[in-house]
Amino acid sequence: QVHVVESGGGVVQPGGSLTLSCVASGNIFRIYVMAWYRQAPGKQRELVATITRDGITTYYGNDVKGRFTISRDNTKNTVSLQMNSLKPEDTAVYYCNADIRSHTDIIPEDIWGQGTQVTVSS
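Residues numbered from 1 in each chain as written. Predicted model: local features only at pLDDT ≥ 70, side-chain atom pairs only at ≥ 80, totals over all residues. Heavy atoms only, no water.

## Re the sheet that holds strand β3 (residues 18-26)
Okay, so step 1: Taken together, four strands build an open sheet; the order of strands is β1-β3-β8-β7 and the sheet is antiparallel. Strand pairing shows two members of the sheet lacking a second neighbour, β1 (2-7) and β7 (68-73), which therefore form its edges. Here the strands of the sheet are splayed against their neighbours by 15° on average, with no regard to which way each runs.
Okay, so step 2: In this sheet, strand β8 (residues 78-83) lies alongside β7 in antiparallel orientation, the contact comprising six bridges. By the bridge assignment for β8, I70 is matched with L81. (Pairing = 2+ DSSP bridges. Helix = DSSP H or I, 4+ residues; strand = E, 2+ residues; numbered from the N terminus. Axes fitted to C-alpha atoms, helices over the stretch in contact; angles between N-to-C directions.)

## Looking at the environment of A40
Okay, so step 1: Structurally, A40 is set in the loop between β4 (28-39) and β5 (46-51).
Okay, so step 2: Residues A40 and Q114 lie 74 residues apart in sequence; the distance between their C-alpha atoms is 14 Å.
Okay, so step 3: In this structure, A40 is in contact with T91 and A92, ignoring residues within four places of it in sequence. (Contact = heavy atoms within 4.5 Å.)

Okay, here's the thing in structure tokens:
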């Protein structure tokens, strides 16, 4: 069994910064693509950013491009999301997502965390 757990959410003023972290644990053989999603009240969950295993290729949603930075540390099984110039519309529950192959399965599993709340408000 593998898990991912997010941390780092909170309340921040508009224009402020926040860093989210996510750590994977359990019977991990290899972690492939890692990503952050978010879901605001009354809206569908949307993709925020993704990063490949080698950390070279990243993708950002249009709403966060130029303000957010995704990174990962494969030695620690972590992925982070640095969020700058935060806006009230960034308020949402942020979810960590990872494709993880365990030692007992050949096919990677799509793993989700429980989410961490980010509130941008003055």
